[in-house]
Amino acid sequence: MSRATSEERFGRTAQNYLDSPAHKQTDRLAALAQRVGQKGGIVADVGTGAGHSAVAFAELADKVLAVDPTQEMLDIVKANSPANVEPVKGHAEQLPIEDNSVDGVTTRLAAHHFEDIDKFLAESARVLKPGGWFLINDIIGPEDVETCEQVNHVEAVRDPSHRWCHPGSWWLTHISDAGFHVEWVEFNSKRLDLEDWLQRQEVSPEVFDEVVNTVMTSTGRLRSHFQPLNTQPKLFHLLEMTLLARLD
Ligand SMILES: C[S@@+](CC[C@H](N)C(=O)[O-])C[C@H]1O[C@@H](n2cnc3c(N)ncnc32)[C@H](O)[C@@H]1O
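Residues numbered from 1 in each chain as written. Predicted model: local features only at pLDDT ≥ 70, side-chain atom pairs only at ≥ 80, totals over all residues.

Student: What's the story with the overall build of the protein chain in this structure? I'm lost.
Tutor: In terms of helices and strands, the protein chain carries eleven helices and seven strands. Computed over the C-alpha atoms, the radius of gyration of the protein chain is 17 Å, within 12% of the 18 Å expected from 2.2 N^0.38 for a compact globule of 248 residues. In the protein chain, which comprises 248 residues, the share counted as buried stands at 40%. Summarising the internal contacts of the protein chain: among those between residues at least 6 apart in sequence, 69% fall at separations of at least 24. (Helix = DSSP H or I, 4+ residues; strand = E, 2+ residues; numbered from the N terminus. Rg over C-alpha atoms; globule rule 2.2 N^0.38 Å. Buried ≥ 20, exposed ≤ 12 C-beta atoms within 10 Å, placed from the backbone. Contact = placed C-beta atoms within 7 Å.)

Student: Which parts of the structure should I look at to understand the pairing of strand β6 (residues 180-193)?
Tutor: Each regular strand displays side chains that alternate between the two surfaces of the sheet. Sparse coverage of β6 is indicated by the burial of one of its 14 residues. With 13 bridges joining them, β6 and strand β7 (residues 235-247) adopt antiparallel strand pairing. The partner of D193 across the bridge, within β7, is L235. (Pairing = 2+ DSSP bridges.)

Student: Looking at this model, I keep getting lost on the site of the ligand. Mind explaining?
Tutor: Neighbouring the ligand are 24 residues; H23, G47, G49, T70 and A92 lie closest to it. The set of elements that each furnish at least two residues to the shell around the ligand consists of α1 (3-19) and α4 (52-58). The element contributing the most residues to the shell around the ligand is α1, with three residues. Of the residues assigned to the shell around the ligand, the class counts are ten nonpolar, ten polar and four charged. (Near = placed C-beta within 6 Å. Nonpolar A, V, L, I, M, F, W, Y, C, P; charged D, E, K, R; others polar.)

Student: Is there a simple way to think about the sheet that holds β6 in this case?
Tutor: In a beta sheet, neighbouring strands pair by backbone hydrogen bonds and run either parallel or antiparallel. Reading across from one edge, β3-β2-β1-β4-β5-β7-β6 is the order of the seven strands in this open sheet, with mixed pairing throughout. Lying at the two open borders of the sheet, with one neighbouring strand each, are β3 (85-89) and β6. Between one strand axis and the next, the sheet turns by 15° as a mean value, whatever way the strands run. The sheet contact formed by strand β1 (residues 42-46) and strand β2 (residues 63-68) spans five bridges and is parallel. Opposite V46, over in β2, you have V67 as the bridge partner. (Axes fitted to C-alpha atoms, helices over the stretch in contact; angles between N-to-C directions.)

Student: Hey, could you run me through the environment of K24 in this one?
Tutor: Within the secondary structure, K24 sits in helix α2 (residues 21-24). Judged by the 15 C-beta atoms lying within 10 Å of it, K24 falls in the partly exposed class. Residues K24 and S53 lie 29 residues apart in sequence; the distance between their C-alpha atoms is 8.5 Å.

Student: Help me out: how do you make sense of the packing of helix α7 (residues 145-158) against helix α10 (residues 205-216) in this one?
Tutor: The N-to-C vectors of α7 and α10 enclose an angle of 160°; their axes lie 10 Å apart at closest approach. As summarised for this structure, α7 and α10 are arranged roughly antiparallel, according to the angle between their axes. You can see that α7 and α10 cross each other, and the crossing is left-handed. Along its contact with α7, which presents V154, V157 and R158, the element α10 presents V207, E210, V211, T214 and V215. Grouping the constituent residues of the contact of α7 with α10 by class yields five nonpolar, one polar and two charged. (Parallel < 35°, antiparallel > 145°, perpendicular 65-115°, else oblique. Left-handed = near helix turned anticlockwise from the far one by under 90°.)

Student: For this particular structure, what's the right way to read helix α6 (residues 117-127)?
Tutor: Given 3.6 residues per turn, any residue in an α-helix points the same way as the ones three and four places further on. Taken together, the buried positions of α6 are I117, F120, L121, E123, S124 and V127. Buried residues of α6, seen end-on, are gathered within an arc of 160° and therefore sit on one face of the element. Where α6 is buried, its residues meet β1, β4 (102-108), β5 (128-140) and α8 (168-177). (Arc of directions from axis to C-beta.)

Here is the structure:
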């Protein structure tokens, strides 16, 4: 999917991400930022969206560079963030940030949209000072290859700018290949409101029905992954990874 499509989709739905309870999670983000322990310095939040993570880190850092290619997201960040959050237009694969200049790089619920994650990891290593930290929180795929493809297919039907949710083992290998060592990693199955998830991307009625049907009637390993609940509202699960690594 082209960059233009990603920016067009997120440009159209930007306000939905500012208001989304699944993205706000103010207390959880504050706790995560505290756990990283940054005091002062510069943090880059890549794929910042409406800036929820950037705002959490702005409590602790001197400055947060909130990086995103979608202008509508950056406008929302500018209007809703403290003065030490600086909106920066750019892509994860080519960060408009100087070498050895930031103390931490964070990315949340965005990496599955990046065209080239290895380039993003290399860019993160380039902009970090020696010993700098890298924090990622994102949806990931299951380890089983076939189920992983099925999950990614559902994600791409919902949002054609979706690139790929890699499994946890892929991330551990690629982060280490980029010169980081992992300090801690956590996996959890995250419960989501299925209809809210679809409406946030303003999908067509046809896509809405197709995804609801695929998730709710899934069988075997796909059902074990989604764990659909035919409640009101309909619920399902996605696998999430939170990982802190440091530059060797
Ligand atoms: C779901 S939103 C981000 C959510 C946000 N980080 C949060 O925690 O609330 C995904 C964001 O990734 C951005 N994005 C897509 N492709 C990107 C790329 N190649 N580099 C950086 N950001 C990208 C989109 O513009 C969008 O704002």
